[in-house]
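# Coordinate analysis (summary)
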Amino acid sequence: MAFPEPKPRGPELPQKRLKTLDCGQGAVRAVRFNVDGNYCLTCGGDKTLKLWNPLRGTLLRTYSGHGYEVLDAAGSFDNSSLCSGGGDKAVVLWDVASGQVVRKFRGHAGKVNTVQFNEEATVILSGSIDSSIRCWDCRSRRPEPVQTLDEARDGVSSVKVSDHEVLAGSVDGRVRRYDLRKGQLFSDYVGSECGRGCGAGREGGDRKGGPSLTRLPTPPLPPGPITCTCFSRDGQCTLVSSLDSTLRLLDKDTGELLGEYTGHKNREYKLDCCLSERDTHVVSCSEDGKVFFWDLVEGALALALPVGPGVVQSLAYHPTEPCLLTAMGGSVQCWREEAYEAEDGPG
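Parameters at a glance
- Residues numbered from 1 in each chain as written.
- Predicted model: local features only at pLDDT ≥ 70, side-chain atom pairs only at ≥ 80, totals over all residues.
- Heavy atoms only, no water.
- Pairing = 2+ DSSP bridges.
- Helix = DSSP H or I, 4+ residues; strand = E, 2+ residues; numbered from the N terminus.
- Axes fitted to C-alpha atoms, helices over the stretch in contact; angles between N-to-C directions.
- Polar contact = N/O pair within 3.5 Å; in protein donor to acceptor, adjacent residues only side chain to side chain.
- Contact = heavy atoms within 4.5 Å.
- Salt bridge = Lys/Arg side-chain N within 4 Å of Asp/Glu carboxyl O.
- Buried < 20%, exposed > 50% of the residue type's maximum accessible area, 1.4 Å probe, protein only.

Spatially, 2-3-4-5 is the arrangement adopted by the 4 strands of the open sheet, whose pairing is antiparallel. If you trace the sheet from one side to the other, it starts and ends with strand 2 (28-33) and strand 5 (58-64), each paired once. Put simply, the sheet's adjacent strands are angled 20° from each other on average, direction ignored. By the bridge criterion, 6 bridges tie strand 4 (residues 48-53) to strand 5 in an arrangement that is antiparallel.

Read from one edge to the other, the open sheet built from 4 strands follows the order 6-7-8-9, with strand pairing classed as antiparallel. Only two strands of the sheet have a single neighbouring strand rather than two, namely strand 6 (70-75) and strand 9 (101-106). This sheet shows a mean twist of 20° between the axes of neighbouring strands, independent of strand direction. The pairing of strand 8 (residues 90-95) with strand 9 spans 5 bridges and is antiparallel. Counted as the bridge partner of Val-92 is Lys-104 from strand 9.

Tracing the backbone shows His-66 in the loop between strand 5 and strand 6. A distance of 2.7 Å separates polar atoms of two side chains, one belonging to His-66 and the other to Ser-84. Here Asp-88 takes part through its side chain, which lies 3.1 Å from a polar atom of the side chain of His-66. If near-sequence neighbours (up to four positions away) are discounted, His-66 is found in contact with Lys-47, Ser-84, Gly-85, Gly-86, Asp-88, Ala-90, Val-92 and Trp-94.

Let us look at the pattern of salt bridges. Summed over the entire model, instances satisfying the criterion amount to 15 salt bridges. Note that Arg-248 and Glu-260 form a salt bridge whose closest N and O atoms lie 3.4 Å from each other. On the criterion of sequence distance, the pair formed by Arg-248 in strand 22 (residues 246-251) and Glu-260 in strand 23 (residues 257-262) is long-range, its members being 12 residues apart. The two residues Arg-248 and Glu-260 agree in class, both being buried.

Here we take up unusual backbone geometry. Of note in this structure, Asn-79 is not a glycine but carries a positive phi near 65°. Checked against the element boundaries, Asn-79 lands in the loop between strand 6 and strand 7 (81-86). By relative accessible area, which is 30% here, Asn-79 ends up partly exposed. Phi is positive for Ser-245, which is not a glycine, with a value near 55°. You can see Ser-245 is positioned in the loop between strand 21 (237-242) and strand 22. The exposure class of Ser-245 is buried, given its relative accessible area of 10%.

Consecutive residues of a regular strand have side chains that alternate between opposite faces of the sheet. With 5 of its 5 residues buried, strand 12 (residues 133-137) lies for the most part within the structure. Going residue by residue along strand 12, you find Ile-133, Cys-135 and Asp-137 tucked away on one face and Arg-134 and Trp-136 tucked away on the opposite face as well. Pairing of strand 11 (residues 123-128) with strand 12, which is carried by 5 bridges, proceeds in the antiparallel orientation. Note that in strand 12 the partner of Gly-127 across the bridge is Ile-133. Where strand 11 folds back on strand 12, the antiparallel hairpin that results is connected by 4 residues, among which Ser-131 adopts a positive phi of roughly 80°. Pairing between strand 12 and strand 13 (residues 147-149): 3 bridges, direction antiparallel. Across the sheet, Cys-135 pairs through a bridge with Gln-147, a residue of strand 13.

Below, the structure is given as structure tokens:
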């Protein structure tokens, strides 16, 4: 007699506070995991960038070189380099081991909201309040960007990079996806007052100006400022957060609205959102001191995780495990699933 296979366990959500890091940086503007999730970066209001082992609560190095608060940072694929951007309008390339500034790129006319490496860490992409995305060659000594993407009509709040695509969110209410292989730009309008089923409309074209497809809503949808965008881990969808306290899941190729997620509060601040390590849940910061988890497919609220009394400014989700980092005020909290047991060992 053959016994049935046991049902696979459902995904566990990180809801046990493991560590709290008092970062000593003033307000923590952003927290980011490195590529393998073993370390994290915190961006401080005191102009510093710090590298931590979050599970042990150990500070590994402090990076000083910005002239104003640091707003975002990212690590390279091989963990040898960091990039950061901030209120001083500069994009900085760092050597991880020495803590020294390798290059400082200037050219933005306003603060730099977001930075990302390309897959090979040869180019840094930076998005600014000046409505542009600039691409900086890490290997060249030339001071100007190798390319400027200036299609946004307001500040660029979020940039994400895949192997051949750049995804950008802007305060003008549009998500733009640049397909580098095809040389095409796709723009999705995210409506802030539109009901389910008409949350996005798309226009597209190559960057030389010739339209390749047109699918515009009629009449045009009222845009809402976009605070964060990201790819799903399977690369099929994009998640968009906007200042109408709504997250929207879009089909990357067609722009179709697949789901909406509400219940959190996001009316004033640029807050992070992401998908869990297996694309099972949508995760978002909130201005009411919680992190919200929704079931990706059903759209139902799965967990409202209380973090503290202030605004949850930033979050980062581990690439392969149910581990969450949150930033509130001057501290970062590390969360794991209930069954997790911390390993004993020297810090």
